[in-house]
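# Structural description and commentary
Here is how the chains run, residue by residue.
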Amino acid sequence: MPLKASPPPAFAVVPNRSAMTTPASVSHPAGHARSRGRLRLMDLDTDTLRHIFDELLRQKCLHRLSATCRSLRRATLPILFRYCEITLVRWPIVAHAFPPSSLWPFFQHVSLVDSCDECIYSLESDEPIAVELFAPGFFTDALSSMPLLTELSFYSPYPSVRRFPRPTINSILALPQLRRLRIRGPLFDYEVKDRSLPDSELQSVPLTSLVYMPWDVRDYPRWHVGEQEVLAAVVKGSVDSLETLFIPNETAPLSVMHHSHWPNLRQLRLRGEVRPTQGRDAVVVPYAAILSNMPRLQSLFLEFFIPHGSRVPAIWSSGYEPACSIPWPDLDYLALSHPRVDDQLYRHLPSTLRRLALCSSPYHHHFLLGSLGPSRAYREEWQDLLLTSSELLRILRQCATPGLTYLSMQFFADHAEMEILQFLSRAFPCLEALTVHIYRPDCEHKDIPAEAIGGALAPLARLRTLRMHLGFKGVPGRIGYRGVTHQYFRVPAHDVLEAAVDNAARVLANVLSPSVETMDLFVPTEARPYEWARFVLVRRDTPDRGRLRDPPCVKRELEYAHGFLEVYDWR
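Residues numbered from 1 in each chain as written. Predicted model: local features only at pLDDT ≥ 70, side-chain atom pairs only at ≥ 80, totals over all residues. Heavy atoms only, no water.

## A few points about the overall build of the protein
A count of helices and strands for the protein gives 14 helices and 23 strands. Expressed as a percentage of its 571 residues, the buried residues of the protein come to 53%. A fraction of 73% describes how many contacts in the protein between residues 6 or more apart in sequence connect residues 24 or more apart. As displayed, the protein offers around 25,700 Å² of accessible surface, 53% of which is attributable to carbon and sulfur atoms. (Helix = DSSP H or I, 4+ residues; strand = E, 2+ residues; numbered from the N terminus. Buried < 20%, exposed > 50% of the residue type's maximum accessible area, 1.4 Å probe, protein only. Contact = heavy atoms within 4.5 Å. Areas by Shrake-Rupley, 256 points an atom, 1.4 Å probe, with all protein chains shown as cover.)

Encoded structure:
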C-alpha cells in the first residue's frame, strides 16, 4: 500500500524484489509465547519465518499477511520495506517529499528516480541551468539514519541538468554500511570550471560494486576534473573489495588502476570516448598492463567511442610482455568495440571464454538510420568504423576458444563473407547463440543470399538462437507530429521490406540446424530504426527439416542495443 503524506508524496515504497539482498533477521515480538498444544506461525524459528516471508513476498501476498495482526506486522516490516524507490517529481528533496523516518531503519536498498521534467532556463542564454537534487543536510542526515542501508541507486534521464552537491557526494562515500553504489546520469555539472576539493579530503568506504554510467550523448566537455578525483578516491579506498566496476572511460583513473592490484574484481566496464590525453591521466601504458592486475576477472566490457581525429587503441600492443601468458584465467565474457586486426589480445584469450562480442559502439546501423536524436549526434561526434569480413576472419582465427557459446560480430561483406560464416562451425562448434550484423553496398532485396547464409551456418548443431542483420537496404521513413510528440508513418516500401524479411526467414528456417528455436531478423527502417522481427521455429515430423509456423509467429520488439548481451537495470 503506497504511503501517503501531505502534500502528495514524491516517493513510493514498493514491495521488495525477490533478487534483493538477504533480509535482516526476523525477531519474535517481545512478550510472545508459544501456545500450548498447537504451533502457531510466530512460534517458528527465525530462519523458517524468513523463508516463508520471502516466498510470500515473491507471490505478492506478504502485505496482506502483515495486515492481519500487529505481531506479524512488526515481524514483516524489515522485509516489506527493505527496498525503497523514491520518485522525484520535484527538487530538491525535502522532508515532506521523503518516506517517514519510522521506516528508515528497515531500508537496505534506496533507489532514487528522477522524473521531474521541468527545467530552469537562463534568461540570458536560453540554456537549461543545472540544479542540485538534494537540500543541504537533509538527505545526508536521512542516509545516516538508515543503519541497514547497503545499496544506493540513482537514475536520471537528463544528461547534464542535474547534479550532486559535492558535500552530498562526500557524505555518501563516507557511509560506513554502504557497499553498492549505482548512478545512471550526471555526477557533476560539467560547465562549472572546477569545484573540486583536494584529494586529501576525499575518502571512500570499501565498496563491492560501483556502477557509474553517464549518458553517451551529452554536451562537451564530457568530463569534469572533480569527477575524476571522486572516482580515484573510490578506487583507492575500494581496490581490495570491489567486485564490479562500471565507469566512463573519459574519467577512469587509469594511472591509479595501473598501480593497484585487484584481488576480487570480477566485472569491469569502461565505456566512453577515447582521447590521446585525459587531463592529468594520460594513457601511457596499454590497457592490457592495467587489466593484468585483475587476475579474477570474469567479465570485461571495453566499449569505446572514437571521436573524429582519434585512433582506435590497441588493448594488447605488440611490444607488451606480461608476467604470464594468460592474465585472466577465469575470463568468461569479453565485449570489445572496434577490434583491431593487429591487436595481440586475441592470442592470449583463455579457453574458459564462453561469450565474445566484437561489435562497434554504437552499431553501424545507428549511423545509417534516422535523421533525428542520437543518430545525428553519433555522426557528428564519432567515427563510423567497420571491419570487412576478411579482416574480422583474421581476428577470429587467432581465438583459441572452442568452448564459445555466444558470439556477436558485425562486418562489411566482401569476398570472405561465406568463408567467415563457414569458419564458425569449425572454430566454435559449441555455439548456442549467434548475432551477426552484415552490411553490404546498396542492393535489391532479392539479391540477399539468404539460402547461402543459412547453408554456411547449418553445421552449427547446438545453435538455438540466431539474430541477424542480413544487409537489407534501409527504407526511409516519414515523420509527422501529433500534439507535442512525433509519430512515424509507414510508406509503401515498408510492406515490400517486411515481405522480403519474412521470405528470408522461411528460407533460413529450411536449411538451418534443427536445434534453432528462435530467429530475429533486423528490419532497417528509418521510421523505427531499432526494429527486429522475431520468428519462432516449429519442428514437424522430420527431425532434419524445419519450417515456420503457418502463419508465421512474429513478435516485433524494440532494441536499444548499446550493450552487447545483457540488459542492466539501472534502478
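## Digging into unusual backbone geometry
For K60, which is not glycine, the phi dihedral falls at a positive 60°. If you trace the backbone, K60 turns up in the loop between α1 (46–58) and α2 (62–66). Taking relative accessible area as the criterion, K60 reaches 73% and is therefore assigned exposed. The residue H338 is not glycine, and still its phi comes out positive at about 55°. Under the relative-accessibility criterion, H338 is labelled buried at 7%.

## Overview of the packing of aromatic side chains
Under the defined criterion, the tally for this structure stands at 8 aromatic pairs. Look at F98 and W104: their rings are 5.8 Å apart centre to centre, the planes differ by 75°, and that puts the pair in the edge-to-face class. The residues F98 and W104 share a single accessibility class, namely buried. Taken together, a centroid distance of 6.3 Å and an interplanar angle of 90° make the contact between F423 and F428 edge-to-face. By relative accessible area, F423 is classed as buried at 12%. One aromatic cluster is present, built from ring pairs that chain together F98, W104 and F139. (Phe/Tyr/Trp six-rings, centres within 6.5 Å; stacked < 30°, edge-to-face > 60°.)

## Observations regarding empty space enclosed by the protein
For the structure shown, the criterion picks out 4 cavities of 30 Å³ or more. For the largest cavity, the calculated volume is near 120 Å³. What lines the largest cavity is a set of 12 residues, among which L173, L181, I183, L187 and V230 lie closest to the centre. Where the lining of the largest cavity is concerned, the elements lending two or more residues are α5 (166–173), β8 (180–184), β9 (209–213) and α6 (225–238). Of the residues assigned to the lining of the largest cavity, the class counts are 12 nonpolar, no polar and no charged. (1 Å grid on protein atoms, 1.4 Å probe; cavity = no way out; pocket = protein on both sides within 12 Å on 5 of 7 lines; lining within 4 Å. Points joined across faces, edges and corners; volume = space filled by probe spheres on them. Nonpolar A, V, L, I, M, F, W, Y, C, P; charged D, E, K, R; others polar.)

## Notes on the pairing of strand β1 (residues 83–88)
The buried count for β1 comes to 5 of 6 residues, which makes it a mostly enclosed element. Note: β1 against strand β2 (residues 109–114), 6 bridges, orientation parallel. Across the sheet, the residue bridging to L88 is D114, located in β2. (Pairing = 2+ DSSP bridges.)

## Brief notes about the packing of α5 against α6
Axis separation between α5 and α6 bottoms out at 12 Å; the angle between their running directions is 10°. In terms of orientation, α5 lies roughly parallel with respect to α6. For the pair formed by α5 and α6, the contact residues are R166, I169 and L173 on the first element and G226, E229, V230 and V234 on the second. When its residues are assigned to classes, the contact of α5 with α6 shows 4 nonpolar, 1 polar and 2 charged. (Axes fitted to C-alpha atoms, helices over the stretch in contact; angles between N-to-C directions. Parallel < 35°, antiparallel > 145°, perpendicular 65-115°, else oblique.)

## With respect to the pattern of salt bridges
A complete count under the given rule lists 14 salt bridges for this structure. With its nearest N and O atoms 3.8 Å apart, the salt bridge here joins R50 to D47. On the criterion of helical spacing, the pair formed by R50 and D47 is a turn pair, its members being 3 residues apart in helix α1. For R50, a relative accessible area of 21% translates into the label partly exposed. Across the salt bridge formed by R82 and D54, the nearest N and O atoms sit 3.4 Å from each other. Within this pair, whereas R82 is found in the loop between α3 (70–80) and β1, its partner D54 is found in helix α1, the two being separated by 28 residues in sequence. In this structure R82 comes out as buried when scored by relative accessible area, which is 4%. Through salt bridges with shared partners, a single network forms among R269, R271 and E303. (Salt bridge = Lys/Arg side-chain N within 4 Å of Asp/Glu carboxyl O.)

## Regarding the environment of V516
Relative to the helices and strands, V516 is located in the loop between α14 (492–511) and β20 (518–523). What makes V516 buried here is its relative accessible area of 2%. Considering only alpha carbons, one finds V516 and T465, 51 residues apart in sequence, at a separation of 6.0 Å.

## Let's talk about the nonpolar core
Among the nonpolar cores identified, the biggest contains 136 residues, and M257, L268, M409, L424, L434 and L457 are the most heavily contacted of them. Counting residues per element, this core draws most heavily on α14, at 7 residues. If near-sequence neighbours (up to four positions away) are discounted, L268 is found in contact with L245, F246, M257, L291, M294, L297, S299, L300 and F301. Counting residues in hydrophobic clusters, the runner-up holds 5 residues, among them F301, A335, A357 and Y406. (Core = buried A, V, L, I, M, F, W, Y, C linked by side-chain atoms within 4.5 Å.)

## A look at the confidence of the model for the protein
For the protein, mean pLDDT is 75; residues scoring 70 or higher make up 69% of the total. Confidence drops under pLDDT 50 across residues 190–200; counting only partners more than four residues distant or on other chains, this segment forms 28 contacts. This model gives residues 278–283 a pLDDT under 50, and the stretch forms 19 contacts once residues within four places in sequence are excluded. (pLDDT = per-residue confidence, 0-100.)

## Observations regarding the packing of α1 against α3
At a minimum axis distance of 11 Å, the contact between α1 and α3 shows a crossing angle of 70°. It follows from the interaxial angle that α1 and α3 lie roughly perpendicular. Side by side, α1 and α3 meet where F53, D54 and L57 of the first sit next to L72, A75, T76 and I79 of the second.

## As for the pairing of strand β16 (residues 433–439)
The element β16 is extensively covered by neighbouring structure, given that 6 of its 7 residues are classed as buried. Pairing geometry for strand β15 (residues 406–412) and β16, over 7 bridges, is parallel. Bridging from a neighbouring strand, Y406 pairs with A433 of β16. The handedness of the β15 to β16 crossover, carried by helix α12 (residues 417–427), is right-handed. Two strands pair when backbone bridges link them, and β16 and strand β17 (residues 465–469) are joined in this way by 5 bridges, in the parallel orientation. By the bridge assignment, V436 is partnered in β17 with M468. (Right-handed = clockwise from strand over helix to strand, strands pointing away.)

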